[in-house]
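Structural overview
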Amino acid sequence: LGFEDPEWSADPPATDKFCLEARSRNSGDQPHQEVRFNGRRSIVFGKSPTCQVELTHRTISRIHAAFIYAEDGGVYLLDLKSTNGTKVNDASLLPNQRRLLKENDVIVFGDSDRSYTVRNAPVVAKSGSKPAEEKSDGKTKSAMKVKGGIQKAHLLHVLIKHVDSSKPKTFRPPDGGV
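Residues numbered from 1 in each chain as written. Predicted model: local features only at pLDDT ≥ 70, side-chain atom pairs only at ≥ 80, totals over all residues. Heavy atoms only, no water.

Describing the overall build of the protein chain
Regarding its fold elements, the protein chain presents zero helices and 15 strands. Going through the 178 residues of the protein chain one by one, you find that 35% of them count as buried. In the protein chain, the share of contacts with a sequence separation of at least 24, taken over all contacts with a separation of at least 6, comes to 42%. For the protein chain, the exposed area adds up to about 12,000 Å²; of that, 49% sits on carbon and sulfur atoms. (Helix = DSSP H or I, 4+ residues; strand = E, 2+ residues; numbered from the N terminus. Buried < 20%, exposed > 50% of the residue type's maximum accessible area, 1.4 Å probe, protein only. Contact = heavy atoms within 4.5 Å. Areas by Shrake-Rupley, 256 points an atom, 1.4 Å probe, with all protein chains shown as cover.)

If you want it as structure tokens, here you go:
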């Protein structure tokens, strides 16, 4: 196949319901195919007959992209250095950069007229963020202080850019924080 599951991949949970609904962008709203993991760690899309989902459009690479279940419970999309790229919600993915998928994300490979809509996406903490710690009393600790119902954060440095400016300006309060 030419693709190996990355070390951060994981088996999908037994309750996995993640699904991609395939639609022709020219023929209305009715999905005409569903793609599921079926116990696999990844699903590879491409022109090669060795891919789990074989695509025939002229702008699809042999091994185009992979959907991968990760250790954090999320499903990620990875463009496998395709010639004509992969888009999520009209934003191009960089080659080999993983993108966490969310409910209703729309994926297009190359210039294909087929799109794939994410259904039943697992919900995970934002990439790189740590979940809130839980205290013994069942309440959560937060890095932000709440005072009178308003959350406040202590800022050390703020970067400001006006829409008409080409260079951002910095602001540091005289007391060292806001």
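On we go from here.
Regarding the sheet that holds strand β1 (residues 19–24)
Sheets are built from strands that pair by backbone hydrogen bonding, the pairs being arranged parallel or antiparallel. Overall, antiparallel pairing links the six strands, which are arranged β2-β1-β11-β10-β7-β8 in an open sheet. Strand pairing shows two members of the sheet lacking a second neighbour, β2 (33–35) and β8 (91–92), which therefore form its edges. One ladder, built from six bridges, connects β1 with strand β11 (residues 114–119); its direction is antiparallel. What sits directly across from A22, in β11, is Y116. (Pairing = 2+ DSSP bridges.)

Thoughts on unusual backbone geometry
For K81, which is not a glycine, the phi torsion comes out positive at approximately 60°. Among the structural elements, K81 can be located in the loop between β6 (75–79) and β7 (86–88). At N104, a residue that is not glycine, the phi angle is positive and equals roughly 70°. Residue position: N104 is located in the loop between β9 (98–100) and β10 (106–109).

A word on the confidence of the model for the protein chain
Per-residue confidence for the protein chain averages 79 on the pLDDT scale, and 66% of its residues sit at or above 70. When pLDDT is averaged over each element of the protein chain, β7 comes out on top at 97 and strand β12 (residues 145–147) at the bottom at 40. Across residues 127–152 the pLDDT falls below 50, and counting only partners more than four positions away or on other chains, this stretch makes 14 contacts in the model. (pLDDT = per-residue confidence, 0-100.)

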